[in-house]
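Okay, here's what each chain looks like letter by letter:
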Amino acid sequence: MKKFILGFAVLTTAFMNAQTQIIAHRGYFQTNPPTTENSIKALENAQKLKIYGAEFDVRMTKDGVLVINHDEHHGKMIIEETDFKELEKLKLSNGEKLPTLKDYLKQGKKDQSLKLIIEIKPIKSQEKENEIVAKTIKMVKDMKLESQSEFISFSLNICKEIKMVEPKFKVQYLNGELSPEQIKSENLDGLDYHFSVFQKNPTWISEAKSLGLITNSWTVNDMKVYEELKAHGIGFVTTNIPDQLKGK
């Protein structure tokens, strides 16, 4: 009986590990009533879904404050050219203040089962990119969220800098032009590509898995695309409809 139970547990674990996991893109904001992407409320909504993780975007203000915002503009203000005290005067569309990374991580820490997928946005200056990496990692460590945090970026420099500063962190590249072999050679942990990249390169998912790499795809909001990626064994999908894809 003990052998049977052990065998069943191993099979169950393997089955669970094989399941495609769901990540909420910029939190879960397409709710009823809707809220705002990258808001604290969107993160709270994702936490209630009991999915793998929530993705969000980190930028740095002129005076070095890390904030959560996808676009380089907040209203008409360019974030990296504006001090935080000016940026925070403009509320989000749901009435919240512009969240700082510290705000977001505080909320994220309330549910340790939800992974925090931190996308660090590229900056034109490599020096500034290295600065935002250092500040982000320091904040994650200061808040003791190392095991809950994973990193992604369109900037290869940012990805490589994260691995240099903290080799244990999981880092995936977003841009889509590097093959699994190239990702492996750059010492990164995975590829997180737009679904069209995997459609054009149908062997990349299996190649990546054979190399021990993480496979993720964005932004998957179509059930047919989701089923296609899942059939190829994709590890994760990032989506605006996490409630609909959960359990499918």
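Criteria and cut-off values
- Residues numbered from 1 in each chain as written.
- Predicted model: local features only at pLDDT ≥ 70, side-chain atom pairs only at ≥ 80, totals over all residues.
- Heavy atoms only, no water.
- Core = buried A, V, L, I, M, F, W, Y, C linked by side-chain atoms within 4.5 Å.
- Buried < 20%, exposed > 50% of the residue type's maximum accessible area, 1.4 Å probe, protein only.
- Contact = heavy atoms within 4.5 Å.
- UniProt positions renumbered as here; feature names shortened; annotations may be inferred.
- Helix = DSSP H or I, 4+ residues; strand = E, 2+ residues; numbered from the N terminus.
- Arc of directions from axis to C-beta.
- Polar contact = N/O pair within 3.5 Å; in protein donor to acceptor, adjacent residues only side chain to side chain.

Can you walk me through the nonpolar core in this structure?
Note on soluble globular proteins: their nonpolar side chains tend to be buried together. Ranked by internal contacts, the top residues of the largest apolar core, which has 55 residues, are Phe 56, Phe 151, Ile 162, Tyr 193 and Leu 229. Those residues within four positions of Ile 162 in sequence are excluded, and the remaining contacts are Ile 120, Val 133, Ile 137, Phe 151, Pro 167, Phe 169 and Val 171. Among the nonpolar cores identified, the runner-up in size contains seven residues, and Ile 23, Tyr 52, Leu 174 and Phe 236 belong to it.

Teacher, can you tell me more about the UniProt feature "domain: GP-PDE" (unreviewed entry) in the chain here?
Here, UniProt's "domain: GP-PDE" (unreviewed entry) annotation points to residues 20-248. Counting secondary structure, residues 20-248 comes out at 35% helix and 21% strand; the distance between its end C-alpha atoms is 9 Å.

Got a minute to help me understand helix H10 (residues 223-231) in this structure?
Residues that lie three or four places apart on an α-helix share one face, since the helix turns once every 3.6 residues. Val 225, Tyr 226 and Leu 229 are the residues of H10 that are buried. The buried residues of H10 occupy one face: seen down the axis, they fall within an arc of 100 degrees. Among the exposed residues of H10, those pointing more than 90 degrees away from its buried face are Lys 224 and Ala 231. Residues of H10 that are buried sit in contact with strand S1 (21-24), helix H8 (195-200), helix H9 (204-210), strand S10 (214-218), strand S11 (236-239) and helix H11 (242-245). The opening residue of H10, the one whose side-chain oxygen lies 2.8 Å from the backbone nitrogen of Lys 224, is Asp 222. Taken from the residues just after H10, Gly 233 is the one with a positive phi, measuring 90 degrees.

Quick question: what am I supposed to make of the environment of Gly 190 here?
Relative to the helices and strands, Gly 190 is located in strand S9 (residues 190-194). Its relative accessible area of 0% is what places Gly 190 among the buried residues. Residues Gly 190 and Arg 26 lie 164 residues apart in sequence; the distance between their C-alpha atoms is 20 Å. Apart from the residues within four sequence positions on either side, Gly 190 is in contact with Val 171, Gln 172, Tyr 173, Ile 183, Leu 213 and Ile 214.

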